[in-house]
Amino acid sequence: MEFNDDEIVALLNRLLEKLHQADSNNQGSKIEVVYVASGGQHVDHVDNQNFYGDKWTERQKDKKEAKHNKAASGVPFDGNTPLSALFRENHHDKLKAVIESWRPYLLNDEKEREALALTSFAFDMEKIRPISIYMDLAHLVNHDALRLPMSVLAAYMFQHSNMSQSQNALYVQLKRYRKMSE
């Protein structure tokens, strides 16, 4: 099949338009088209060539799962660890005040237990808004009260409270409110 120069230019324009439209979905690949009017082309070298597809998304899922499992296996707490274990001792008075402010909204509050010894935080979400809890935790984090990374706090609250159905969502909310309370 032979084409004249006008047909080639028209085809190239259509191709470039399609490439431009697909540019937002190139998954990190750099697309370059080399056109030489005489019909020859030469590519000296290719710096990066990435072909993504189903295997890429599977690998990304596997990496996320491995990261989550690593984080879960390296968690420095168990079901009997109080929330106070995650915070610096010189901030325990602030943490105690926060926990005391939560107590009227806890479903299974063990009133005889010291606030800093509490390990379960099942909130009555009809009486307290989650933003209040997130803001309390964010203020503590911003005052350098947390001994461990915020991801550990998110993991703790995911396992020891009813604040979220997803550990990642809980972490994202903590980050968001931390930034808001700076």
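The notes below deal with the structure included here.

Quick look at the pattern of salt bridges now. Tallied over the full model, the rule gives seven salt bridges. Between Arg88 and Asp144 there is a salt bridge; the shortest N-O distance is 3.5 Å. Within this pair, whereas Arg88 is found in the loop between helix 2 (54–73) and helix 3 (92–102), its partner Asp144 is found in the loop between helix 4 (130–142) and helix 5 (150–160), the two being separated by 56 residues in sequence. Judged by relative accessible area, which is 48%, Asp144 ranks as partly exposed. Residues participating in the shared-partner salt-bridge network are Glu100, Arg103, Asp109 and Lys111.

This brings us to the packing of aromatic side chains. Applying the stated rule across the entire model yields four aromatic pairs. On the basis of an interplanar angle of 85° and a centroid distance of 5.7 Å, the ring pair of Trp102 and Phe121 is categorised as edge-to-face. You can see Trp102 sitting in helix 3 and its partner Phe121 sitting in the loop between helix 3 and helix 4, a full 19 residues away along the chain. The pair formed by Trp102 and Phe121 is uniform in burial state, with each residue classed as buried. A network of ring pairs unites the aromatic residues Trp102, Phe121 and Phe123 as a single cluster.

This next bit is on a nonpolar patch on the surface. Nonpolar side chains collect at one region of the surface, where Met1, Phe3 and Leu11 lie side by side and expose about 380 Å² of accessible area between them. Relative to the helices and strands, Leu11 is located in helix 1 (residues 5–22).

Turning our attention to the packing of helix 3 against helix 4. Across the interface, helix 3 lies against helix 4 with an axial gap of 11 Å and an inter-helix angle of 175°. As summarised for this structure, helix 3 and helix 4 are arranged roughly antiparallel, according to the angle between their axes. Side by side, helix 3 and helix 4 meet where Lys94, Leu95, Val98, Ser101 and Trp102 of the first sit next to Ile133, Asp136, Leu137 and Leu140 of the second. Classifying every residue of the contact of helix 3 with helix 4 gives six nonpolar, one polar and two charged.

Here we take up the nonpolar core. Membership of the largest hydrophobic core comes to 35 residues, with the highest contact counts inside it found for Leu83, Phe87, Trp102 and Leu153. The set of elements that each furnish at least two residues to this core consists of helix 3, helix 4, helix 5 and helix 6 (167–180). What Trp102 contacts, discounting residues up to four positions off in sequence, is Leu83, Phe121, Phe123, Ile128, Ile133, Asp136 and Leu137.

A rise of 1.5 Å per residue sets the reference length of helix 4, with its 13 residues, at 18 Å; its end C-alpha atoms lie 18 Å apart and thus fit the reference within 8%. Those residues of helix 4 lying buried are Ile133, Tyr134, Met135, Leu137, Ala138, Leu140 and Val141. Residues of helix 4 that are buried make contact with helix 3, helix 5 and helix 6. A positive phi of about 60° marks Asp144, the residue just after helix 4.

Here is what the cut-offs are and how they apply
Residues numbered from 1 in each chain as written. Predicted model: local features only at pLDDT ≥ 70, side-chain atom pairs only at ≥ 80, totals over all residues. Heavy atoms only, no water. Salt bridge = Lys/Arg side-chain N within 4 Å of Asp/Glu carboxyl O. Helix = DSSP H or I, 4+ residues; strand = E, 2+ residues; numbered from the N terminus. Buried < 20%, exposed > 50% of the residue type's maximum accessible area, 1.4 Å probe, protein only. Phe/Tyr/Trp six-rings, centres within 6.5 Å; stacked < 30°, edge-to-face > 60°. Patch = residues over 30% accessible without salt bridge, like charges linked within 9 Å, V, L, I, M, F, W, Y side chains within 5 Å. Areas by Shrake-Rupley, 256 points an atom, 1.4 Å probe, with all protein chains shown as cover. Axes fitted to C-alpha atoms, helices over the stretch in contact; angles between N-to-C directions. Parallel < 35°, antiparallel > 145°, perpendicular 65-115°, else oblique. Contact = heavy atoms within 4.5 Å. Nonpolar A, V, L, I, M, F, W, Y, C, P; charged D, E, K, R; others polar. Core = buried A, V, L, I, M, F, W, Y, C linked by side-chain atoms within 4.5 Å. Expected span 1.5 Å × (residues − 1).

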